[in-house]
Amino acid sequence: MDAHGARCLGTAANYPREQQDLVQGMRTGILKSAGEIAVSRDGDFLKEPQISSVVEQVLAATPFVDIHTHLYAPAFGKLGLWGIDELLTYHYLEAEFFRNSDIAPEKYWSLSKREQADAIWRTLFVENTPISEATRGVIAVLKAFQLPTDSPDLAEARSFFETQSIEAHIRNVFQMSGVSVVVMTNDPLDPEEAAVWLKGVESHQQFRAVLRLDRILVNWSTHWQVLAGQGYRVDEQVSGKSAAEVRRFLADWHKRMEPVYMAVSLPDTFEYPKDTTGNRLLKEAVLPACRELDLPLSLMIGVRKQVNPSLRLAGDASGRADLRALENLCREYPENRFLVSVLSRENQHELCVYARKFRNLMPFGCWWFMNNPSIVEEITRERIEMLGTSFIPQHSDARVLEQVIYKWNNTRRTLARILSDSYRLLLEDGRGVTRHEIQRDVTRLFRSNAEDWTGLRAPASDSPK
Ligand code: RAT
Ligand code: ZN
């Protein structure tokens, strides 16, 4: 059946006999016939029962680009987190720990990292069944390294990680998770991180930089003096030469970091336009710098910082944002590209609608509280239905190296189901799909949309599994 036929099922009477049979078959639920006709037209089309396994194979064999993480290249030393104690003290798990333990946050923060990890293991993995997304993630990592998943303590896991050398371990982890390149989050105003950059770091093809701007765009009043102290002529009100000087600061850091985009995480209350220092800096410094340097700006919208400060990093929540701010930015700055993720479930559909209106908007990832299979499934189905393959389905947001194993494994598992369903529906509607097309779609979703948008060119040689 041709595309026209598929669109016009209501007027089947005008069709040749073969198509009338097909339409009848589809209406009465004998959907196999669509697949048979498609296959007979072109041997490359897959039969319905083949679709899932081809989708799974293609997903497994395609090296992904991880467009947003908090991982670091080995040159950053202790800033790069890895190993069992870091995995267990991930703030997603700390939030769950505080629900399940009598230990007060102040007491927990006074423990050593090792003691914290022991407490979390005991509470969430021994005394409770680890069925939450974040706890299952640790189990999947232990299993990937053939470590015990039900041990009363962490002795064996610790001794395994202690014997790994970081470079080889990174290669191994990337291979196991099927990622070829990860994008870091690099804050030029973080004193510890800035010190590493200022000493000079060799660029690493598999860890690409991102110029993170939260301290400039969201917390200017407590950070402008750092820039002033470094010789940039800025003031708290962003008057005079301030915006030009921030552009100079960004250009200097661009030279140093070679970032693939600039990024900021914004509160649910973000509005644009509105006369705030943040918006002045956005309009007069950041957006012009992105245009000059041909970089997209990533806006991660909807965080409500520190609703419970005693939980530290685990104390942030999410809120629904007014995405008219995004509409205004996309319309007023067609020369800027915006990579956008939103933190509240309620904003997801609007984000898809805006992406249909503005080609300079690229939705990416299921961020933080959205990164659970049920929500990922909902968001991704919606995005495919509204945007086809013109979006970036996922990023890992990994803070600890080995997390990419479980996070990307989960993404492949969920996406296999969703993509297979999409191709099956397409087949039922009258259009077969080939392995080549599935590969083209997966490559676009998990590599080339990110590469084309950021100018990031990932090394293609490192293929997973
Ligand atoms: O997901 C997270 O780990 C959050 O704490 C944030 O880091 C968020 O992803 C961000 O980049 O701001
Ligand atoms: Zn993040």
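Draft legend 1. How the structure looks around helix H16 (residues 277-293). The end-to-end C-alpha distance of H16 is 23 Å, a good match for the 24 Å that 17 residues give at a rise of 1.5 Å each. A bend of about 35° at Lys283 is the largest found in H16. Buried within H16 are the following residues: Gly278, Asn279, Leu281, Leu282, Ala285, Val286, Leu287, Pro288, Ala289 and Cys290. Where H16 is buried, its residues contact helix H13 (214-217), helix H15 (242-257), strand S5 (262-267), strand S6 (297-304), helix H17 (324-332) and strand S8 (338-342). Asp294 sits one or two residues past H16 and shows a positive phi near 55°.

Draft legend 2. Looking closely at the pairing of strand S2 (residues 179-183). Here S2 lies mainly inside the structure; five of its five residues are buried. Two strands pair when backbone bridges link them, and strand S1 (residues 64-66) and S2 are joined in this way by three bridges, in the parallel orientation. In the strand pairing of S2, Phe64 is matched with Val179. Pairing geometry for S2 and strand S3 (residues 207-208), over two bridges, is parallel. Residue Val182 lies in a different strand from S3, and its bridge partner there is Phe207.

Draft legend 3. Main features of the environment of Arg99. Mapped onto the secondary structure, Arg99 falls in helix H6 (residues 91-100). Classification of Arg99 as exposed rests on a relative accessible area of 73%.

Draft legend 4. Representation of the nonpolar core within the structure. Grouped together as the largest cluster of nonpolar side chains are 143 residues, with contacts concentrated most on Met262, Leu297 and Leu299. Here this core takes ten residues from helix H20 (residues 403-429), the largest share from any one element. Residue contacts for Leu297: discarding those within four places in its chain leaves Leu213, Met262, Ala263, Leu282, Val286, Leu287, Cys290, Arg337, Phe338 and Leu339. One finds Cys366, Met370, Ile375 and Ile379 within the second-largest nonpolar core, a separate group that totals five residues.

Draft legend 5. The coordination of the zinc ion (ligand 2), seen in detail. At this site the zinc ion (ligand 2) is bound by His68 (NE2), His70 (NE2) and Asp397 (OD), with donor distances of 2.0 to 2.1 Å. Between consecutive donor residues of the zinc ion (ligand 2), the sequence gaps follow H-x1-H-x326-D. Of this pair, His68 sits in the loop between S1 and helix H5 (84-88) while Asp397 sits in the loop between helix H19 (373-387) and H20, and the two are 329 residues apart along the sequence. For the pair formed by His68 and Asp397, the shared burial category is buried.

Draft legend 6. Focus on the site of ligand 1. Looking at ligand 1, the residues that line it are His68, His70, His91, Tyr92, Arg212, Ser265, Trp367, Trp368, Asp397 and Arg399. At a separation of 3.1 Å, an oxygen atom of ligand 1 approaches a polar side-chain atom of His68. Protein burial of ligand 1: of its 300 Å² of free accessible surface, 97% is covered by the chains. Mapping ligand 1 onto the cavity grids shows that it belongs to the largest pocket. Counted by class, the shell around ligand 1 contains three nonpolar, four polar and three charged residues.

The rules we used
- Residues numbered from 1 in each chain as written.
- Chains lettered and ligands numbered in written order.
- Predicted model: local features only at pLDDT ≥ 70, side-chain atom pairs only at ≥ 80, totals over all residues.
- Heavy atoms only, no water.
- Helix = DSSP H or I, 4+ residues; strand = E, 2+ residues; numbered from the N terminus.
- Expected span 1.5 Å × (residues − 1).
- Bend = angle between axes of the 7 residues up to and from the residue.
- Buried < 20%, exposed > 50% of the residue type's maximum accessible area, 1.4 Å probe, protein only.
- Contact = heavy atoms within 4.5 Å.
- Pairing = 2+ DSSP bridges.
- Core = buried A, V, L, I, M, F, W, Y, C linked by side-chain atoms within 4.5 Å.
- Donors = N, O, S within 2.8 Å, 3.2 Å for Na, K, Ca; no water.
- Near = heavy atom within 4 Å.
- Polar contact = N/O pair within 3.5 Å; in protein donor to acceptor, adjacent residues only side chain to side chain.
- Areas by Shrake-Rupley, 256 points an atom, 1.4 Å probe, with all protein chains shown as cover.
- 1 Å grid on protein atoms, 1.4 Å probe; cavity = no way out; pocket = protein on both sides within 12 Å on 5 of 7 lines; lining within 4 Å.
- Sits in = over half its atoms within 2 Å of the grid points.
- Nonpolar A, V, L, I, M, F, W, Y, C, P; charged D, E, K, R; others polar.

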